[in-house]
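Okay, here's what each chain looks like letter by letter:
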Amino acid sequence: MSKDLRSFIQQMEQTMPQDFLKIKKEVNPRFELCAVLRKFQESNQFPAVFYENVKGTKMPVIANTLAARERLALALETTSHALTKEYAGRQHDLKPVMRVDHGPVKEIVLSGGAVDVTSLPQVVHCEKDGGPYISSGIMILKDPDSGVYNMGIYRIQIKSKNKLGIYFGAYSHAAHIFRKFEERGEVMELAIAIGHHPAVYLGAQYRGPFEISELEVTGGLLGEPLRMVKGETVDLDVPADAEIVIEGRIPPGVREMEGPFGEYTWYMGDALENPIIEVTAVTHRRDAIYYDIFSAHPEHNLTGLLGREAILWERLKASIPTVKQVVLPFSGTCRHTVYVSIKKEYDGLGKNAALAALAGDPFMKMAVVVDDDIDVLNESEVLWAICTRVQADRDVFIIPDAYVCELDPSAYDIKGKEIRGYLNCKWAIDATKPVEIPFQERAEVPEDMWKNLDLKYYLES
Ligand code: MN
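Residues numbered from 1 in each chain as written. Predicted model: local features only at pLDDT ≥ 70, side-chain atom pairs only at ≥ 80, totals over all residues. Heavy atoms only, no water.

As a further point, take unusual backbone geometry. The step from glycine 259 to proline 260 runs through a cis peptide bond, and the omega angle for that step is -5 degrees. Examined against the element boundaries, proline 260 turns out to sit in the loop between β15 (256-258) and β16 (261-262). Of note in the backbone geometry, aspartate 401 takes a positive phi value of approximately 60 degrees without being a glycine. With respect to the helices and strands, the residue aspartate 401 is situated in strand β24 (residues 396-403). A relative accessible area of 43% places aspartate 401 in the partly exposed class. (Helix = DSSP H or I, 4+ residues; strand = E, 2+ residues; numbered from the N terminus. Buried < 20%, exposed > 50% of the residue type's maximum accessible area, 1.4 Å probe, protein only.)

Now for the sheet that holds strand β2 (residues 48-51). Taking strand neighbours across the sheet as the criterion, the 4 strands line up as β1-β2-β3-β20 in an open arrangement whose pairing is mixed. The open sheet terminates on both sides in strands that have one partner only, identified here as β1 (20-23) and β20 (290-292). Averaged over all pairs of adjacent strands, the angle between strand axes in this sheet comes to 20 degrees, irrespective of strand direction. Sheet topology places strand β3 (residues 61-63) next to β20; 3 bridges connect them, and they run parallel. Residue pairing for β20: isoleucine 62 is matched across the bridge by tyrosine 291. Relative to the sheet, helix α1 (residues 5-15) contacts β1, β2, β3 and β20, its axis offset from that of β1 by approximately 110 degrees. Against the sheet, helix α2 (residues 32-42) makes contact with β1, β2, β3 and β20, and its axis sits at roughly 155 degrees relative to β2, the strand it touches most. (Pairing = 2+ DSSP bridges. Axes fitted to C-alpha atoms, helices over the stretch in contact; angles between N-to-C directions. Contact = heavy atoms within 4.5 Å.)

Moving on, we get to the pattern of salt bridges. If you walk through the whole model with that rule in mind, you get 36 salt bridges. The salt bridge involving arginine 227 is made with aspartate 241; its shortest N-O contact spans 2.8 Å. Residue arginine 227 is located in strand β12 (residues 227-230), and its partner aspartate 241 is located in the loop between β13 (237-239) and β14 (244-250); the two are separated by 14 residues in the primary sequence. Taking the relative accessible area as the measure of exposure, aspartate 241 reaches 5% and is therefore buried. Look at the salt bridges and you will find they share partners, linking Asp4, Arg6, Glu243, Arg285 and Asp287 into a network. (Salt bridge = Lys/Arg side-chain N within 4 Å of Asp/Glu carboxyl O.)

Take the coordination of the manganese ion next. Here the manganese ion is held by the protein donor atoms Asn150 (OD1), His173 (ND1) and Glu214 (OE), which lie 2.0 to 2.3 Å from it. In terms of primary sequence, the donors binding the manganese ion are separated according to N-x22-H-x40-E. You can see asparagine 150 sitting in strand β8 (residues 149-153) and its partner glutamate 214 sitting in helix α7 (residues 214-222), a full 64 residues away along the chain. In terms of burial, asparagine 150 and glutamate 214 fall into one category: buried. (Donors = N, O, S within 2.8 Å, 3.2 Å for Na, K, Ca; no water.)

Let us now look at the pairing of strand β11 (residues 188-194). β11 sits mainly inside the fold: 6 of its 7 residues count as buried. As paired elements, β11 and β14 share 7 bridges and run antiparallel to each other. Residue isoleucine 194 lies in a different strand from β14, and its bridge partner there is isoleucine 244.

Within the element layout of this structure, proline 225 appears in the loop between α7 and β12. A relative accessible area of 29% means that proline 225 is categorised as partly exposed. For the pair proline 225 and lysine 95, spaced 130 residues apart in the sequence, the C-alpha separation amounts to 5.5 Å. Contact partners of proline 225, with chain neighbours within four places excluded, come to Lys95, Pro96, Val97, Met98 and Gly219.

This brings us to the nonpolar core. Membership of the largest hydrophobic core comes to 126 residues, with the highest contact counts inside it found for Leu164 and Ile246. For this core, the domains that each give at least three residues are domain 1 (5-294) and domain 2 (305-431). In this structure, isoleucine 246 is in contact with Val117, Leu120, Ile134, Leu164, Leu190, Ala191, Ile192, Ile194, Val279, Ala281 and Val282, ignoring residues within four places of it in sequence. Residues Tyr339, Met366, Ala385 and Ile429 belong to the second largest nonpolar core, which totals 12 residues. (Core = buried A, V, L, I, M, F, W, Y, C linked by side-chain atoms within 4.5 Å. Domains from an automatic or database assignment.)

Let us now look at the environment of isoleucine 293. Looking at the element boundaries, isoleucine 293 is found in the loop between β20 and α8 (298-303). It is 15 Å that separates the C-alpha atoms of isoleucine 293 and arginine 69, two residues lying 224 residues apart in sequence. Not counting the four nearest positions on each side in its chain, isoleucine 293 is found in contact with His125, Ser135, Ser136, Tyr201, Glu299, His300 and Thr303.

This part covers the domain arrangement of the chain. You can read the domains of the chain as domain 1 (5-294) and domain 2 (305-431). Domain 1 and domain 2 are separated by 29 Å when their C-alpha centres are compared. Taken together, the contact pairs 25 residues of domain 1 with 24 residues of domain 2. Of the roughly 2200 Å² buried at the junction of domain 1 and domain 2 (both faces included), carbon and sulfur atoms supply 65%. The largest share of the area that domain 1 buries against domain 2 comes from Tyr171, Arg207 and Tyr264, three residues that together contribute 32% of it. As a salt-bridge pair, arginine 207 and aspartate 361 come within 3.5 Å of each other at their nearest N and O atoms. Between the two partners, domain 1 and domain 2, sit 6 residue pairs in polar contact (both at pLDDT 80 or more). (Buried area = accessible area lost by both parts, 1.4 Å probe. Polar contact = N/O pair within 3.5 Å; in protein donor to acceptor, adjacent residues only side chain to side chain.)

Below, the structure written as C-alpha cells:
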C-alpha cells in the first residue's frame, strides 16, 4: 500500500484520536465549515476535522489536517522538536517517481462537457473572499526547457464549471515557468492534485533550486517514491494516489480579476489581474475525500513553514558553521520574520548571519540574530536580547526596494511608496554581543545549584 490521505487519516485515528474529530451534521461549506475551526482556535485548539456531510456536494471534507506541529511531525514520522532538521535531511533523499498504469484517482474520469468543478465542495473561508476557493490544490507543471516537474500550492478561485482563476507570486517557480510559455505564446498545461498524504503537501513547499523536482523531494519526505499516472487531457503525469486531480491549461496573455482572498498574513489579500485556467478534465476516487486548508489560519502558516525553515537552516549552516537554530515564528506568519541563533566566534558574524538569512528565501523581511544563550523558540528571550544588546544606529540595517511578497499589506510599488506593489524593505537586527569588547554577564544563580533542584524537599514541613 502506498501512502496517501487515507493512510494518514488512519494513523491520526490510531495515534492521536483526541486530535481527530468526525462531524456527522451537515455543514455549509460557505463559512460554516471554517466557523467550526475558528471556534476551536478561540481556545487554542486545532484538531483535524472530518466533515462527513457537506452541503451541495457528495464529497466529505477534511480540514485542519496540518494545523498543529504534532501532526507535521506525524507526517514525517518524527518529533515536533526535530522537524526542521528532519526535513532538511530528507529533502536531499531524492526519489525518482514511480510511473504506474492505473491509480485510484482514475476511478472516475470526467472530461469535455462532463467537467464541473462546482460539484466539488465550494468552500468559502473568509467573509470578504471573492468566492469559493480551492486552497489545497497542488499544481503540477513541467519546465518547457528541461522537462523537470514542479509542484506548488497556490490560491485557486472557482469561477464556473470549467474556469478557475489562479494567483502565483512573481518569485514562484510557477511564475518563472509561466513566463516562458507566455513569451512563446503557448498555452501552459497543468494538473492540480487535491488530497494526498501530508508529506506531499510539505514536498510541494520545498524551497530549493528550480532544477530539483518537488516530486522527487516528496519521495524523500514520504520515504517511498511518489506514484504517478498519465494525465487524461494534458501531457503531464499526475499523482496516482491523490483524491482528486483537475487537469487544465492557462492561455497566454489572458488576465481576469481574481480575489480578494484571506491570506497567510491574516489580512485580505488584494484582488488582482491574474491568469485563468481552462479545465479540461476532473478525475477522482469513487469516494473521494476533499482536502481543505483554512487560509487565514495557523494551518496555512504551518503548511508552508518547514520548507522555508529547512532551506534557511542549510544556507546559514553553509556560511556559518556555528549557527545553532533557525525559526520562523508565528508572529511573523511563519514566513516574513526569521530568528537565528549563533555561537558568535568573531565580530561581524551577526551581520553576516542576518544577510544570509535575508538572502536565504525571498519571503524573509526581518532577520533577528541572537547569541546561542537565547532560545529562539522563546519570543520573550528574543525581545529581551533586542532590548539589552542592541543600539539601533549600529545594529540595525535596512535594505530598501527588495522583493518580499505583494501579499504583505505594507508592500509598495517601484513608482511610489503609497502605491500597492510587490516591493518591500528588508531589515535586520543584530542582537548579538560584541566578541572583542567586554560585555556585562548574565545575572544568574549557579546552574548546578538550581537546575536539578527538588523543590519538594523545601516544601515538606
Ligand atoms: Mn520548484
